Amino acid sequence: MVPRDPICHLNRALVLSRLGRLDPCLAALERALALDPALRPAHHLRAQTLARLGRVREAVPPWSRVIELEPRSFEARFGRAWCLLAIGHAGEALADFEEGLRLRPPPMEAAKAHCGRARCLSALGRYDEALRAEDETDRLFPAHAALCGNRGSALIGLGRFDEAWKATERLGGNPVSQMSLRLSILRRQGRDEETRRFVRAH
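Residues numbered from 1 in each chain as written. Predicted model: local features only at pLDDT ≥ 70, side-chain atom pairs only at ≥ 80, totals over all residues. Heavy atoms only, no water.

**Structural notes on the side chain of Ser122**
Among the secondary structure elements, Ser122 is positioned in helix α7 (residues 107-123). Filtering out sequence-adjacent residues up to four positions away, Ser122 remains in contact with Tyr127, Ala130 and Ala154. (Helix = DSSP H or I, 4+ residues; strand = E, 2+ residues; numbered from the N terminus. Contact = heavy atoms within 4.5 Å.)

Written out as structure tokens, the structure is:
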């Protein structure tokens, strides 16, 4: 017999999520929401689960529903922003990051949001603003900034290649990003032979 209490289905979904059983988790959330369409935690977990499954486009509507139900949720603003950024909607993502920051999140969450802002601004060609956003990430959470390639990307966009190369030296904990940025610098400068040597060496 299927329970008629949406909280029972939500609790089951939470357990399944912790176990990494994401498809059954979604099914449990669908049952919860069929019984209570305004159950905010179910929409929240549904958005997170879809994003974990790589279904980021599908995650946008449940994040939007969480925002409707709880307008002051910076977590939902940031969650939707990352999904929008992933599907190429940098302008909309930027608006969500900035609205979430106005809700005064904790410093670590604010740092991650500034990191997201930097990515959006670079995607929009607003490289000077991207650098300032990355400065905020560095101020609030230096360890996180050291893993991001945002500063290098913005400097490449500005044609400041020597500074961009120096910025990649901080990315030792993120070798994939470091290599990608260095390749981009060499290619943007037209250093074809060095690019070929770099690729062979890595």
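Resuming the write-up.
**Here we look at the environment of Asn174**
Counting through the fold element by element, Asn174 comes out in the loop between α11 (161-168) and α12 (175-188). Note: C-alpha distance between Asn174 and Arg119 (55 residues apart in sequence) is 16 Å.

**Section: the packing of helix α10 (residues 150-157) against α11**
The contact between α10 and α11 brings their axes to 8 Å, and the two run at 170°. With respect to each other, α10 and α11 are oriented roughly antiparallel. In this structure, α10 contributes Arg151, Gly152, Leu155 and Ile156 to the contact, and α11 contributes Phe161, Glu163, Ala164 and Ala167. Along the lines of polarity and charge, the residues of the contact of α10 with α11 split into five nonpolar, one polar and two charged. (Axes fitted to C-alpha atoms, helices over the stretch in contact; angles between N-to-C directions. Parallel < 35°, antiparallel > 145°, perpendicular 65-115°, else oblique. Nonpolar A, V, L, I, M, F, W, Y, C, P; charged D, E, K, R; others polar.)

**Quick word on the pattern of salt bridges**
By the definition in use, this model includes 19 salt bridges. The partner of Arg80 in a salt bridge is Asp96, and the shortest N-O contact between them spans 2.6 Å. Of the two residues, Arg80 is situated in helix α5 (residues 74-86) and Asp96 in helix α6 (residues 90-102); the sequence distance between them amounts to 16 residues. Here the two residues Arg80 and Asp96 agree in accessibility, since each one is buried. In this structure, the salt-bridge partner of Glu129 is Arg126, at a minimum N-O distance of 2.8 Å. Through salt bridges with shared partners, a single network forms among Asp135, Asp138, Arg151 and Arg170. (Salt bridge = Lys/Arg side-chain N within 4 Å of Asp/Glu carboxyl O. Buried < 20%, exposed > 50% of the residue type's maximum accessible area, 1.4 Å probe, protein only.)

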